[in-house]
Amino acid sequence: MTDESDNEHFDNNKKPVGYGRMLRKEDPRFIRGRGNYVDDIVLPGMLHLAILRSPVAHARIVRVDTTEAQAHPKVKAVITGADLAEQGLAWMPTLSNDVQAVLATDKVRFQGQEVACVIAEDRYSARDALELIDVEYDILDPVIDARKALAPDAPVIRTDLEGKTDNHVFDWEAGDPKATEEAFARAEVITTQEIVYPRVHPAPMETCGAVADFDAVNGKLTLWSTSQAPHAHRTLYALVAGLPEHKIRVVSPDIGGGFGNKVPIYPGYVCAIVASLVTGKPVKWMEDRSENLMSTGFARDYIMQGEIAATREGKILAIRTNVLADHGAFNGTAAPVKYPAGFFGVFTGSYDLEAAYCKMTAVYTDKAPGGVAYACSFRITEAVYLVERLVDCLAYDLDMDPAELRLKNLLKPDQFPYTSKTGWVYDSGDYEVTMRKAMDMIGYADLRREQAEKRERGELMGIGMSFFTEAVGAGPRKHMDILGLGMADGCELRVHPTGKAVVRLSVQTQGQGHETTFAQIVAEELGIPPDDIEWCTATPTTPRSASAPTAAGRRRCQGRPRRWSRGRCGTRRRSSRRGCSRCPWPTWNGRRVPST
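Source: prediction; values computed, not measured.

Cut-offs and rules
- Residues numbered from 1 in each chain as written.
- Predicted model: local features only at pLDDT ≥ 70, side-chain atom pairs only at ≥ 80, totals over all residues.
- Heavy atoms only, no water.
- Helix = DSSP H or I, 4+ residues; strand = E, 2+ residues; numbered from the N terminus.
- Buried < 20%, exposed > 50% of the residue type's maximum accessible area, 1.4 Å probe, protein only.
- Contact = heavy atoms within 4.5 Å.
- Areas by Shrake-Rupley, 256 points an atom, 1.4 Å probe, with all protein chains shown as cover.
- 1 Å grid on protein atoms, 1.4 Å probe; cavity = no way out; pocket = protein on both sides within 12 Å on 5 of 7 lines; lining within 4 Å.
- Points joined across faces, edges and corners; volume = space filled by probe spheres on them.
- Nonpolar A, V, L, I, M, F, W, Y, C, P; charged D, E, K, R; others polar.
- Domains from an automatic or database assignment.
- Pairing = 2+ DSSP bridges.
- Axes fitted to C-alpha atoms, helices over the stretch in contact; angles between N-to-C directions.
- Core = buried A, V, L, I, M, F, W, Y, C linked by side-chain atoms within 4.5 Å.
- Phe/Tyr/Trp six-rings, centres within 6.5 Å; stacked < 30°, edge-to-face > 60°.
- Lys NZ or Arg CZ within 6 Å of the ring centre and 35° of its normal.
- pLDDT = per-residue confidence, 0-100.

A tally of regular secondary structure across the protein gives 16 helices and 26 strands. Per-residue burial over the protein gives 56% buried out of 596 residues. Once local pairs closer than 6 in sequence are excluded, the contacts in the protein between residues at least 24 apart make up 78%. Summed over all atoms, the accessible surface of the protein reaches about 26,700 Å², with 51% contributed by carbon and sulfur.

A separate point is empty space enclosed by the protein. A full pass over the atoms with the stated rule returns five cavities of 30 Å³ or more. Here the second largest cavity defines a volume of roughly 100 Å³. What lines the second largest cavity is a set of 14 residues, among which Gln 100, Pro 264, Ile 265, Tyr 266 and Gly 332 lie closest to the centre. Across the lining of the second largest cavity, the residue classes tally to seven nonpolar, seven polar and no charged. Looking at which domains feed residues into the lining of the second largest cavity, each of domain 2 (41–142 + 205–257 + 262–295) and domain 3 (168–200 + 298–457) gives three or more.

What follows covers the sheet that holds strand 7 (residues 114–120). Read from one edge of the open sheet, seven strands run 3-7-1-14-11-12-13, paired in mixed fashion. Lying at the two open borders of the sheet, with one neighbouring strand each, are strand 3 (75–80) and strand 13 (248–251). On average, each strand axis in the sheet is inclined to that of its neighbour by 20 degrees, with strand direction left out of account. Strand direction decides the pairing type here: strand 11 (residues 209–215) and strand 14 (residues 283–286), joined by four bridges, are antiparallel. Each residue of the ladder has a partner; that of Ala 212, found in strand 14, is Val 283. Lying on the sheet, helix 8 (residues 267–279) is in contact with strand 1 (47–53), strand 3, strand 7, strand 11, strand 12 (220–225) and strand 14; it crosses strand 11 at an angle near 30 degrees.

Okay, the nonpolar core next. In terms of nonpolar packing, the biggest core is built from 106 residues, with Leu 49, Ile 119, Tyr 237, Phe 344 and Met 360 touching the most fellow members. When residues in this core are grouped by element, the largest group, ten residues, is from helix 10 (residues 380–398). Filtering out sequence-adjacent residues up to four positions away, Ile 119 remains in contact with Leu 47, His 48, Leu 49, Val 75, Lys 76, Ala 77, Ile 79, Ala 275, Thr 279 and Val 283. Listed in part, the 20 residues of the second largest apolar core include Val 75, Val 115, Ala 126 and Ile 133.

Our focus in this paragraph is the packing of aromatic side chains. A complete count under the given rule lists 14 aromatic pairs for this structure. We note Arg 158 situated over the ring of Tyr 364; from NZ or CZ to the ring centre the distance is 5.1 Å.

Within the protein, residue pLDDT values average 87, and 85% of them lie at 70 or more. Counting interchain partners and residues more than four positions distant, the pLDDT-below-50 stretch residues 15–19 has 22 contacts. Note on residues 567–596: pLDDT is under 50 here. Beyond four places in sequence and across chains, it has 55 contacts.

Take a look at the structure:
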């Protein structure tokens, strides 16, 4: 039971400020099962699409026979790679300046790759008809181990690329190799470790899907899709389908989790668009869990050879690493053009080093295309794993407490703004105070005593720790872009005469609570109750952005509506009923309205 003083904290209208406890604006529809996801969309005359996938990782396609599938009474169309090739639609661009097969034409390059699709009156008939398609494969040796991908006798995966004779994707480096070599030459202790970060899958609760509806009368396409980056998708759809971009409307409704998995453009999206063009009907495609796990964007898959140099007293001098990156059959990673390895350059961590150097080689393998999982921004997770694991290994070699070693080498407050040895600028921080506070909160000294006591009794107890600085945001465009599209987020704030407001954001949510967060910010700045603020995101009417944020997106975007709301009225207002001296409107019933 709660008293009235507790209840008032949960009244959104009584607490029109951007801080404190309040009911989440999203929750009423979600907890009642009234969220509006792609699979909830039902349009008149809508057809359903299912995709036939390859059972093997690498094989030439000898023939695809769709005769029996087309004879199915409920099947409206069957589309193969050959059909798409006739229309110039068999290949599509990726977000990393590569191309990917929509439906395989020459050969399949990973298990689960899309080979053909069926459009039928219902989902079950479409799935049944897949069994009627007969595909003959000439099976080839697959390349599974990234370590063997560049071997002279390794099968070439991307034979579709003219002149391609190996499985090399790109080389990338950061830092100063000469300065790093000199630092290692002076080191008293050098610790070496191979660190394998295996392939992982983001596995959002909602799988990927789309509903495409092409209107032949006005030539406009509406696509509801599970996309974290709808603006970037619209541009690529225009390139693939040949439709004018202003006639393509991409809508991302409620998204049931993304974690980077819903950044790439998948063949299923394009197939749904083509199916709607062919049939003249709206077409829905929703993958199942198995399809999502076998064919959509994976992440990590790094083999990192790391070295760390230090003095015997524990002063870290330098770090260097050689990375082998497995990008799968197509390079589909969503990374800025100038940063093919994402933000891996932050592998220097939060430490004061003399030098650092990294060299990376990316390769193709017969696996589903690699991607980015945004537990942290572009490849920062991999970078942090490298440096923190090396620091732990060094602490072991020095017989030093891992916390003590970190505290000895953390950047100091008077060093900010600090430019790392790979060119990244750290704006501010008090790392030692932060780490000591965290250690006090968990009772670090007591944990070490407990560990020692258990080891005396023959029991094992581990204590793990890591320290890293997150990089949030990407931009401006001259520094970071994806296919020429700016990655910085945008915001438009519109205040209506009756005191209501609409916040339009380029940033898409996948369950992080943006609807509440941004309402709180605007409420605090303008004094409008959060319930009077409508949040709109990721449609053609919102500001453009190629960003695809997850947890970091909320932090990155918070400044935009705050600056916009301050710019509107110049000062912060605690309550809309007080009005604003800069707005030449009279008041009525506590609200300012335009003069007549």
